[in-house]
Amino acid sequence: MPDPLLIPRSLFHKEGHGSSHTHPHDDPPLERRASGTREIQVVRKVLAANDIMAANNRRLFADKRVCVINLMSSPGSGKTTTLEKTLARLMPELSCAVIVGDIATTNDADRLAASGAPVVQVNTDQFGGDCHLAAHVIERAASGIDLDQVDLLIVENIGNLVCPAEFDIGEDARAVVLSVTEGEDKPLKYPLMFRVCDAALLNKIDLLPYLDYDAPLAVANIHQVHPDMPVFELSARTGEGMEPWLDWLRGLVRKKLA
Amino acid sequence: MDHTAGRRQTRPAAVVRAAYRDSGVGTAPSVHRGPGRTDTRYAAMHEMGIAMQIVEIAVASVPAHLKGSPVERVNLQVGKLSAVVPDSLRFCFDVVAKGTPLEGADLNIEELPVTARCRACGHVWTIDGPAFTCPECARGDLELLSGRELDIRSIELRENRTPDA
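Since this is a predicted model, take the numbers as computed values, not measurements. (Residues numbered from 1 in each chain as written. Chains lettered and ligands numbered in written order. Predicted model: local features only at pLDDT ≥ 70, side-chain atom pairs only at ≥ 80, totals over all residues. Heavy atoms only, no water.)

Regarding the layout of surface pockets
Taken as a whole, the second largest pocket holds about 420 Å³ of empty space. Forming the walls of the second largest pocket are 25 residues, and the residues nearest its centre are Pro191(A), Leu192(A), Lys80(B), Leu81(B) and Ser82(B). Elements supplying a minimum of two residues to the lining of the second largest pocket: helix H6 (191–196) of chain A together with helix H1 (46–61) and strand S6 (124–127) of chain B. The greatest single-element share of the lining of the second largest pocket, amounting to three residues, is contributed by H6(A). Residues that form the lining of the second largest pocket fall into these classes: 17 nonpolar, four polar and four charged. (1 Å grid on protein atoms, 1.4 Å probe; cavity = no way out; pocket = protein on both sides within 12 Å on 5 of 7 lines; lining within 4 Å. Points joined across faces, edges and corners; volume = space filled by probe spheres on them. Helix = DSSP H or I, 4+ residues; strand = E, 2+ residues; numbered from the N terminus. Nonpolar A, V, L, I, M, F, W, Y, C, P; charged D, E, K, R; others polar.)

Rendered as structure tokens:
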């Protein structure tokens, strides 16, 4: 067992995590006196335990040849409807499963179970509820799914544009759903989320005729934070624009199974 | 509630309660089924989980021959692009540190800027706002050099014993 507290070298290449010049494995902690105290060099990533658990998940998903998508957004952007429509159109061509996180209720899981896909609901409702799904929670939730039978596992994360961006769960790709009833400047307000994602969905475009919403500006803001990221403008409700998003998912699964 | 009625191929969703009783370091995930148990370490903010990890790492970092020495300061580096609010983290740290060698310790947070290198032209710069395109060549293929850190750099121990040989 590797020491879960040490920074694995493999984590150093992650974008902007820095510290690539340090070598915590090579030297014992240095001590030096500083104004009556002893300073012990530690140099450890605080989230190393989560990152190691995420790496374990990633190995498991690779062994089982399951493509895993981490779907994130603010509350009310239409993640669950998008997922319902996505499952309806990808199945049975692809065998799908879902892990859905909410602070409370099984409402989303009940809706998604109607697709016939295996669904595991994670509730974080103790004392107000945690704000993200951590890697160890995904590991436990995935143990309730027969991964041998699954091509695509979609994790619907807790509705939150802040915390889930910080927690690797072992996924192959991340997607963020933004809807046209939110501000065009959301990507600028939550840059980390839009940096860490591999694709963005701009949902509810069927409402554009009724709104003063500048969709090109929203897309430009996404690209200001993450140049060249694919943006799928769609309406999960009407089905308009769904196909490029579905093709993107199919491509990821193909790549994983190749 | 019978949500399976009248639907084809529908099964009730398994429910997993993700109770954050522990920080997941070296222990089984604290996920359980059924009614939640009361535990004062349940966390509503992810800063709480992060604070718990900090305390755990700091306690484990005290060398054996200095066990029992109180920790006076924890030096932390937090990148400005990390999803951590320093004030929330300090608050959570004070709560979590109670009853450990870190009780009353100062959490010293050094915020690090977001810096990037353009893969196209090699320009290196500090990103001040939410614009991730190169100011020199306007392209967007960049490597972030810093800004995502959430690292403990060191801990400082108060000397408990008289200086001797």
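Digging into the packing of aromatic side chains
All names here are of chain A. Inspection of the entire model under this criterion finds three aromatic pairs over all chains. Between Phe232 and Trp245, the aromatic rings sit 6.2 Å apart at their centres with planes inclined by 55°, giving tilted as the arrangement. In this pair, Phe232 sits in strand S9 (residues 231–233) while Trp245 sits in helix H8 (residues 242–257), placing the two residues 13 residues apart along the sequence. For the pair Phe232 and Trp245, a shared accessibility class is recorded, and that class is buried. On the basis of an interplanar angle of 20° and a centroid distance of 5.8 Å, the ring pair of Trp245 and Trp248 is categorised as stacked. In this pair, Trp245 and Trp248 are both assigned in helix H8, three residues apart and thus about one turn of the helix distant. The class of Trp245 is buried, set by a relative accessible area of 2%. On the basis of relative accessible area, Trp248 is assigned to the buried category, the value being 17%. An aromatic cluster is built from Phe232, Trp245 and Trp248, whose rings are joined through pairwise contacts. (Phe/Tyr/Trp six-rings, centres within 6.5 Å; stacked < 30°, edge-to-face > 60°. Buried < 20%, exposed > 50% of the residue type's maximum accessible area, 1.4 Å probe, protein only.)

Some details on the confidence of the model for chain A
Here chain A averages 87 in pLDDT, and 84% of its residues register 70 or above. Note that residues 18–28 of chain A has pLDDT below 50 and, in this model, 18 contacts with residues that lie over four places away or in other chains. (pLDDT = per-residue confidence, 0-100. Contact = heavy atoms within 4.5 Å.)

A look at the packing of helix H2 (residues 79–90) of chain A against H8(A)
Residue and element names in this part refer to chain A. Between H2 and H8, the shortest axis-to-axis distance is 11 Å and the interhelical angle comes to 70°. When the axis of H2 is compared with that of H8, the two are roughly perpendicular. Seen from above, H2 lies across H8 with right-handed handedness. Touching Thr82, Lys85, Thr86, Arg89 and Leu90 of H2 are Met242, Glu243, Trp245, Leu246, Leu249 and Arg250, all from H8. (Axes fitted to C-alpha atoms, helices over the stretch in contact; angles between N-to-C directions. Parallel < 35°, antiparallel > 145°, perpendicular 65-115°, else oblique. Left-handed = near helix turned anticlockwise from the far one by under 90°.)

Describing the environment of Ser179(A)
Residue and element names in this part refer to chain A. Note on placement: Ser179 falls in strand S7 (residues 173–179). Here the alpha-carbon distance between Ser179 and Lys79, two residues 100 residues apart in the chain, equals 9.5 Å. Apart from the residues lying within four places of it in its own chain, the contact partners of Ser179 are Gly76, Ser77, Leu202, Asn203, Lys204 and Tyr213.

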